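Report on the structure
What follows is the residue order along each chain.
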Amino acid sequence: LTNRYIKCWGKAENGQLGNGSTTGNSSQNNQTTPVYVSGITNAINISAGFQESCAVLDNGSVNCWGAGFGTTPVNISSDIQNAIQVSTWADQAVVLDNGSIIVRDNNGNIEYIPGISNAIQVSHDTNTSCAVLDNGSIACWGAGGSGQLGNGWENNENTPVFVSNINNAKQVSTFEGHTCAALSDGTVKCWGAGGYGQLGNGATNNQNVPVSVTVIE
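First, a word on scope: everything that follows refers to the structure included in this document. Within any chain, residue numbers begin from 1 and follow the written order of that chain's sequence. Side-chain atom pairs in this predicted model are given and counted only at pLDDT of 80 or more, local residue features only at pLDDT of at least 70, and totals for whole chains, interfaces and linings cover all residues. The side-chain numbers reported here are obtained from all heavy atoms of the structure, hydrogens and water having been left aside.

**Considering the overall build of the chain**
We apply this condition: Runs of E in the DSSP output that reach at least two residues are strands. Runs of H or I that reach at least four are helices, and both are numbered from the N terminus. With C-alpha atoms as the basis for the radius of gyration, the globule rule is written as 2.2 Å multiplied by the number of residues raised to the power 0.38. With a 1.4 Å probe rolled over the protein chains alone, any residue whose accessible area is under 20% of its type maximum counts as buried; one over 50% counts as exposed, and the rest are partly exposed. For the area figures, the Shrake-Rupley method with a 1.4 Å probe applies, and any residue is considered shielded solely by the protein chains shown. We score Asp and Glu as negative and Lys and Arg as positive, and we do not count His or the chain ends. In this description, the location of a charge corresponds to atom NZ of lysine, CZ of arginine, CG of aspartate or CD of glutamate.
Looking only at helices and strands, the chain features zero helices and 18 strands. Rg of the C-alpha trace for the chain: 18 Å, near the compact-globule value of 17 Å for 217 residues, within the 12% margin. If one aligns the C-alpha atoms of the chain with their principal axes, the spans along those axes are about 45 × 40 × 30 Å. Taken across its 217 residues, the chain has 47% of its residues classed as buried. For the chain, the computed accessible surface area is about 10,400 Å², with 45% contributed by carbon and sulfur atoms. In the chain, 6 positive and 15 negative side-chain charges are present, and the distance between their average locations comes to 10 Å.

If you want it as structure tokens, here you go:
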């Protein structure tokens, strides 16, 4: 919100609304209207995950709530004091103001991602992560069996590899085997699993390099 408060809605059973409750306003225990997240008045970035949500605050810390954290926001690590963006899906990937990326696992362990010092945004799901770098390129790591790393192969990679033929990315999102990027010219490219048409290129096969999404204007 413009006042840097946060509102959440949807499932409530794991405290992922952040309002101190595990119940919603519907008979299915969902929250059908937005409610304020408790105690946050200075958020600059937010990410909703599987059963948890997280926010970067203007002091550079990261607060999360929901599964593994509780019904109200908690600081996930006193060692994180210079965050600018977070992406959560059970684990939390965090971009720091020096361009590096750290990942905090659900046991609280923190690991720096090697070889990245100029990230501006990261997207993180259960098995794959991708980051936009300040030169417009994208680096991905993790599971690559469906081609979702975008480097022309279907291999898993435990260190970042560059996505082929992208040098003008503005934002990236990866989820369940496929990845998409918004480019500076207003177009979108996707790669990885395509069996349900999720690459948007008129086909239903996997792609291990980026393909253009048809007619986005």
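**Details of the side chain of Q85**
Which entries qualify depends on this criterion: Any pair of nitrogen or oxygen atoms within 3.5 Å is treated as a polar contact; in protein, a donor-acceptor pairing is required on top of that, and neighbouring residues in sequence qualify only through side-chain atoms on both sides. Should any heavy atoms of two residues lie within 4.5 Å, those residues are counted as being in contact.
Summarising the element assignment, Q85 is placed in strand 7 (residues 83-89). Polar side-chain contacts of Q85 include one of 2.7 Å to the backbone nitrogen of V122. Apart from residues no more than four positions distant in its own chain, Q85 is found in contact with N45, V56, A93, V94, V95, I120, Q121 and V122.

**Some thoughts on the packing of aromatic side chains**
Rules: Any two of the Phe, Tyr and Trp rings considered here, Trp counted by its six-membered ring, make a pair once their centres fall within 6.5 Å; the pair's planes then place it as stacked at under 30 degrees, edge-to-face at over 60, or tilted in between.
Overall, the coordinates contain three aromatic pairs when judged by the stated rule. Taken together, a centroid distance of 5.8 Å and an interplanar angle of 75 degrees make the contact between Y5 and Y36 edge-to-face. Of this pair, Y5 sits in the segment before strand 1 (7-11) while Y36 sits in strand 2 (residues 30-36); the two residues are 31 residues apart in sequence, bridging distant segments of the chain. A ring pair is formed by F50 and W89, whose centres lie 5.6 Å apart and whose planes are at 45 degrees; its orientation type is tilted. Taken together, the positions of F50 in the loop between strand 3 (43-48) and strand 4 (52-57) and W89 in strand 7 put the pair 39 residues apart, joining distant regions of the chain. In this structure an aromatic cluster arises from ring pairing among F50, W89 and F175.

**Let's talk about the nonpolar core**
To keep it simple, the criterion reads: As used in this record, nonpolar core signifies buried Ala, Val, Leu, Ile, Met, Phe, Trp, Tyr and Cys residues forming a set joined through side-chain atoms within 4.5 Å.
Within the largest apolar cluster, 13 residues are counted, with the highest numbers of intra-cluster contacts made by I138, I166 and A181. The set of elements that each furnish at least two residues to this core consists of strand 12 (128-133), strand 13 (138-142), strand 15 (169-175) and strand 16 (178-183).

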